[in-house]
Amino acid sequence: MINTVMLFFTFVTEAVILWQYSSNLFTARRRQGILFATLFLFYFALFAVSLLKYTWLNMALYFVMNFMFLLTMYDLKWYTALFHSAVIAGVMGMCELIVYSAMKSFSPHSLTESGQPEDMVIFIIFSKMIFFTIVYILIHLFKGQQAYNQKQDRSVLLLIFIPIASVFIMLTLVSVSDAFPLSPLFEGMVTLSAFFLLISNLLVFGINRYNLKKSMEFTQMQLLLQKESDSAEYYEMLRLQNENQRILIHDIKKHLHSIDMLNRQKEHDKIDAYLHRLIRSSDLKESARLCEHEMLNAILCRYMRQCTDSHIAFHADIRSGTTDFIADNDLTSLFCNLLDNAVQAAKDIPEAFIEISAGRKEKTPFTVLTVINSCRTDPFIRENGEPTIRIPRSHNHGFGLKSIRKIVAKYNGAMQIYYHADTLTFHTILTLKRQEGYETT
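Let me sum up the structure you'll find in this document.

Calculation criteria
- Residues numbered from 1 in each chain as written.
- Predicted model: local features only at pLDDT ≥ 70, side-chain atom pairs only at ≥ 80, totals over all residues.
- Heavy atoms only, no water.
- Axes fitted to C-alpha atoms, helices over the stretch in contact; angles between N-to-C directions.
- Helix = DSSP H or I, 4+ residues; strand = E, 2+ residues; numbered from the N terminus.
- Parallel < 35°, antiparallel > 145°, perpendicular 65-115°, else oblique.
- Left-handed = near helix turned anticlockwise from the far one by under 90°.
- Contact = heavy atoms within 4.5 Å.
- Nonpolar A, V, L, I, M, F, W, Y, C, P; charged D, E, K, R; others polar.
- Expected span 1.5 Å × (residues − 1).
- Buried < 20%, exposed > 50% of the residue type's maximum accessible area, 1.4 Å probe, protein only.
- Patch = residues over 30% accessible without salt bridge, like charges linked within 9 Å, V, L, I, M, F, W, Y side chains within 5 Å.
- Areas by Shrake-Rupley, 256 points an atom, 1.4 Å probe, with all protein chains shown as cover.
- Salt bridge = Lys/Arg side-chain N within 4 Å of Asp/Glu carboxyl O.
- Pairing = 2+ DSSP bridges.
- Core = buried A, V, L, I, M, F, W, Y, C linked by side-chain atoms within 4.5 Å.

The next point concerns the packing of helix α10 (residues 294-309) against helix α11 (residues 328-346). Relative to each other, α10 and α11 sit at 15°, their axes nearing to 10 Å. Comparing their axes, α11 and α10 come out roughly parallel. Classified by chirality, the crossing of α11 by α10 is right-handed. Contacts from M295, L296, I299, L300, R302, Y303, Q306 and C307 of α10 reach α11 at D328, L331, T332, F335, C336, L339, D340 and V343. For the contact of α10 with α11, the residue count by class is eleven nonpolar, two polar and three charged.

With 19 residues, helix α2 (residues 32-50) should reach 27 Å at 1.5 Å per residue; the first-to-last C-alpha distance of 27 Å fits that figure. Every buried residue of α2 is accounted for by L35, T38, L39, F42, Y43, L46, F47 and S50.

You can see T4 is positioned in helix α1 (residues 2-25). Sequence separation between T4 and L51 is 47 residues; the distance between their C-alpha atoms is 7.9 Å. Not counting residues up to four positions away in its chain, the partners in contact with T4 are F47 and L51.

Attention now goes to a nonpolar patch on the surface. Residues F8, V12, V16, F40, L41 and F44 make up a contiguous nonpolar surface patch of about 570 Å² in total accessible area. Tracing the chain through its elements places L41 in helix α2.

On to unusual backbone geometry, then. The backbone of E351 sits at a positive phi, close to 55°, despite the residue not being glycine. Within the fold, E351 resides in the loop between α11 and β2 (353-360). For E351, a relative accessible area of 78% corresponds to the exposed category. For L424, which is not a glycine, the phi torsion comes out positive at approximately 55°.

Moving on to the packing of α1 against α2. Two elements in contact, α1 and α2, have axes whose closest approach is 10 Å; the angle formed by their N-to-C orientations is 145°. Taken as a pair, α1 and α2 cross one another with a handedness that is right-handed. Of the residues in α2, those in contact with T4, L7, F8, F11, E14, A15, L18 and W19 of α1 are Q32, L35, F36, L39, Y43, F44, L46, F47 and S50. A per-class count over the contact of α1 with α2 returns 13 nonpolar, three polar and one charged.

Let's shift gears to the pairing of strand β3 (residues 366-374). Of all the nine residues making up β3, seven are buried; the element is thus mostly covered by neighbouring parts of the structure. With seven bridges joining them, β2 and β3 adopt antiparallel strand pairing. Note on β3: the bridge partner recorded for A358 is L369. Linking β2 to β3, which pair antiparallel, is a turn of five residues; within it K363 sits at a positive phi near 60°. Pairing between β3 and strand β7 (residues 425-433): nine bridges, direction antiparallel. Bridge assignment links V368 to a residue of β7, and that residue is T431.

Y21, Y43, F69 and F131 are the most contacted members of the largest nonpolar core, which has 52 residues in total. Sorting the residues of this core by element identifies α1, α2, α3 (55-73), α4 (78-106), α5 (117-141), α7 (157-179) and α8 (184-264) as the ones contributing at least two each. Ranked by residue count, the leading element in this core is α4, at 13 residues. Excluding its chain neighbours within four sequence positions, the residues that come into contact with F69 are L18, S22, L35, T38, L39, F42 and Y74. Core analysis: the next-biggest nonpolar cluster, separate from the first, contains 36 residues, C291, A316, I404 and L432 among them.

Another aspect to go through is the sheet that holds strand β1 (residues 313-318). Taken together, five strands build an open sheet; the order of strands is β1-β2-β3-β7-β6 and the sheet is mixed. Among the strands making up the open sheet, the edge pair consists of β1 and β6 (414-420). Between one strand axis and the next, the sheet turns by 10° as a mean value, whatever way the strands run. Judged from the six bridges that link them, β1 and β2 form a sheet pairing that is parallel. If you follow F314 over to β2, its bridge partner there is I354.

Functional significance is not addressed by these values, which are geometric in nature.
Written out as structure tokens, the structure reads:
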């Protein structure tokens, strides 16, 4: 009876530790009442199964229950929930192994059926104290987890092998220790093995967290450099435009003399063409302002200048508030790759053009981004009966298109690309979902 009560207390303690870990690192998707009720039901089921005294079954169910709890109660991807479930299970198991091995080395019969209840109390208190301490360290190690989770991808699945393998080794050592009497020396070696396993796991998690942090810092630095480059291009365009306007104003008297001469000769068609060219001149545009989003405006201005140099007509229609929810690094990758592909396809084509537009579907959280560009030949080929886009070697082997697809998937969107043979145009239609806080119209 006393052992049953102590076992129940053990699962209560582990439930509190899991709640402490998850509430500090993750965003709950359910109310606190539902969260506590679910946690109680899961751990009461674990307690009931533990009465059967199957160590391997208990450990497997502990891992599965933690995974289900994190996945259903918190805003996590399944692979992130799987990773943290493995971490919790591994740390808990190794903490128990350390205390178990240490007690067995000092008192071989302390945790057997004939052992004293006080031994079970000591085992529970020390193992859970160590467990709580390690979890507290992990909380601080993974602090700022919301940004961390956003950057985390399925590569985290590779790390799951480490705590799972550690748990397997730990259970094997426990089974060997129970099946065969070990000398104090070997019991001490088992304790050290458990300790080294725990330290190895913490080092791996710490190094992974450090590398992720450095990767995020590098990405931010690259984004800052991109912003500075685009801003420099934008202000250079403004400078050139202002200079051309001053030149045009300086020459306006000469243009008026020419128009007056044509008027005296009654060359009305030539006058009309002359005035039309002046009105359409880019030098008369008020400013190089294509959209309200500062970052996107700089990117569009840079590509407008490239199109002007390549004699490609460029038109942009970006409606207000349609791209505000896209992170700057995603915005840069998405639009730069789309426009790189469009400029490359439209080069050296007479009367080539690129049209890019962004608007919102009414009463939905979706933004529709469309790019239409001139394209001389159909870029699609058929491989194994399926249409596949042909990627020239100069396009970095299709990495741009892969990057576009990755961003579309990140924003729960869809992508459609097709070639219109009658108009010799390539069409790209992207649908991106605003995550939260959108306004319906």
